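Chain by chain, the residues run as shown.
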Amino acid sequence: DQLNTRPFVELIKSYDPVWAVCTHFLPAEIVSCLKARRRLRARLAVVVTDFDVHGMWLYRHVDRYFVALEETRMHLARLGIPAERITVSGIPIDPRFAAPFDKQALRLKHGLEPDRTTILIAAGGFGVGPVEHIVSSMRQLTHPAQVVVICGRSEDLRRRVEKVATVPGGGSVTLSSLITGLGDA
């Protein structure tokens, strides 16, 4: 990791920030390590962009955590993070996601049945995780549903999900859409 992150380390050291605000665990880990080695004076804020916090978000030299839920704040406090270092702020989102929209029109635009339960499975930008297993499990639901899977940039994941989704006997769940690439979803 040290070899791969050297350009980032040099950049942040040359900038010498007062605060480093991290919305991803990897830069948080790097900044925490630099602080531990006294190679960076910046204070470190970690904005947890998940509803819950897992071990990859936890570092010794974090000055402030911003979390989505009160339950997450309580979890961090039980782990020994001082309460005054934890702020419940919600998850930061682009303001356009807060704007009202017409669900029915958007479903029709994207080829989805307007009145059917829709389940979204998002695998992140790189399409990692047991997504095809999740899709396989969804096929066992008895409630009529349509599933949209975001495969990130992974054409390989798209193929694996399509293979699982086309096995006969899918119950009342249909795979309505597979989204890959960077286009407008």
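Our subject is the structure that appears above.
Counting restarts for each chain: residues are numbered from 1 in the order of the written sequence. Only residues with pLDDT of at least 70 get local features here, since the model is predicted, and only at 80 or more are side-chain atom pairs given and counted; chain-wide, interface and lining totals rely on the full set of residues. To obtain the side-chain values, all non-hydrogen atoms of the structure were used and water was disregarded.

*Asks:* Before we go on, may I ask you to explain the pattern of salt bridges in this structure?
*Replies:* Pairs can form between side chains of opposite charge once their charged atoms are near each other. When a carboxyl oxygen of Asp or Glu is within 4 Å of a side-chain nitrogen of Lys or Arg, the pair counts as a salt bridge. The final tally for this structure, using the stated rule, is eight salt bridges. Among the ionic pairs, aspartate 63 bridges to lysine 35, the shortest N-O distance being 2.5 Å. Residue aspartate 63 is located in the loop between β2 (43-47) and β3 (64-67), and its partner lysine 35 is located in helix α2 (residues 25-36); the two are separated by 28 residues in the primary sequence. Comparing aspartate 63 with lysine 35 shows no difference in burial state: the two are buried. A salt bridge links arginine 96 to aspartate 94, with the shortest nitrogen-to-oxygen separation between them at 3.8 Å. The class of arginine 96 is exposed, set by a relative accessible area of 62%. Throughout this description, buried means an accessible area under 20% of the type-specific maximum (1.4 Å probe, protein chains only), exposed means over 50%, and partly exposed covers the range between. A relative accessible area of 36% places aspartate 94 in the partly exposed class. The network of salt bridges with shared partners includes Glu132, Asp156 and Arg160. Each helix corresponds to a stretch of at least 4 residues labelled H or I by DSSP, and each strand to a stretch of at least 2 residues labelled E; elements are numbered beginning at the N terminus.

*Asks:* When you look at the nonpolar core in this model, what are you seeing that I'm missing?
*Replies:* Soluble, globular proteins show a tendency: their nonpolar side chains are buried together. To form a nonpolar core, buried Ala, Val, Leu, Ile, Met, Phe, Trp, Tyr and Cys residues must be joined to one another through side-chain atoms within 4.5 Å. Ranked by internal contacts, the top residues of the largest apolar core, which has 22 residues, are Val31, Leu44, Val46, Val48, Tyr65 and Leu76. Contributions of two or more residues to this core are made by α1 (2-15), β1 (19-22), α2, β2 and β3. Ile119, Met138, Leu157 and Val164 belong to the second-largest nonpolar core, a separate cluster that totals 13 residues.

*Asks:* Any chance you could explain the packing of helix α5 (residues 131-138) against helix α6 (residues 155-165) here in plain terms?
*Replies:* Packed helices, taken two at a time, are described by their axes: the angle between them and the distance between them. For the pair α5 and α6, the least separation of the axes is 9 Å and the interaxial angle reads 20°. Classed by the angle they form, the pair α5 and α6 counts as roughly parallel. Remark: the crossing between α5 and α6 carries right-handed chirality. Each of Val131, Glu132, Val135 and Ser136 in α5 lies in contact with α6, whose residues at this interface are Leu157, Arg160, Val161 and Val164. When its residues are assigned to classes, the contact of α5 with α6 shows five nonpolar, one polar and two charged. Fitted lines through C-alpha atoms serve as axes, helices being fitted only where they are in contact, and the angles separating the N-to-C directions of these axes extend from 0 to 180 degrees. Each angle receives one of four descriptions, namely roughly parallel if under 35 degrees, roughly antiparallel if over 145, roughly perpendicular if within 65 to 115, and oblique otherwise. What makes a crossing left-handed is the near helix being turned counterclockwise from the far one by less than a right angle; a clockwise turn instead makes it right-handed. Only heavy atoms enter the contact rule, under which two residues are in contact if any of them lie within 4.5 Å. Gly counts as polar in this scheme, as do all residues outside two lists: the nonpolar Ala, Val, Leu, Ile, Met, Phe, Trp, Tyr, Cys and Pro, and the charged Asp, Glu, Lys and Arg.

*Asks:* I keep staring at the sheet that holds β3 and nothing clicks. Help me out?
*Replies:* The strands that make up a sheet pair up through hydrogen bonds in the backbone, lying either parallel or antiparallel. Only strands joined by at least two bridges in the DSSP assignment are considered to pair. Spatial ordering of the open sheet is given by β1-β2-β3-β4, a layout of four strands whose pairing is parallel. Each edge of the open sheet is held by one strand with a lone partner, namely β1 and β4 (86-88). Strand-to-strand twist in this sheet, taken as the mean axis angle between neighbours without regard to direction, amounts to 15°. Pairing of β3 with β4 involves three bridges; the strand directions are parallel. Residue pairing in the sheet places phenylalanine 66 in a bridge with threonine 87 of β4. Helix-sheet contacts for helix α3 (residues 70-78) involve β3 and β4, and the interaxial angle to β4 is about 165°.

*Asks:* Teacher, can you tell me more about the packing of aromatic side chains here?
*Replies:* To describe a pair of aromatic rings, one takes the distance between the centres and the angle between the planes. The criterion for an aromatic pair is that two Phe, Tyr or Trp rings (for Trp, the six-membered ring) have centres within 6.5 Å, with stacked assigned to planes under 30 degrees apart, edge-to-face to planes over 60 apart and tilted to the rest. Evaluation of the coordinates by the stated rule reveals one aromatic pair. Both rings, one in phenylalanine 25 and one in tryptophan 57, keep their centres 6.0 Å apart while their planes meet at 85°; by these two values the pair is edge-to-face. Placement of the pair is phenylalanine 25 in helix α2 and tryptophan 57 in the loop between β2 and β3, with a sequence separation of 32 residues. For phenylalanine 25, a relative accessible area of 22% translates into the label partly exposed.

Just geometry here; none of it tells us what the structure is for.
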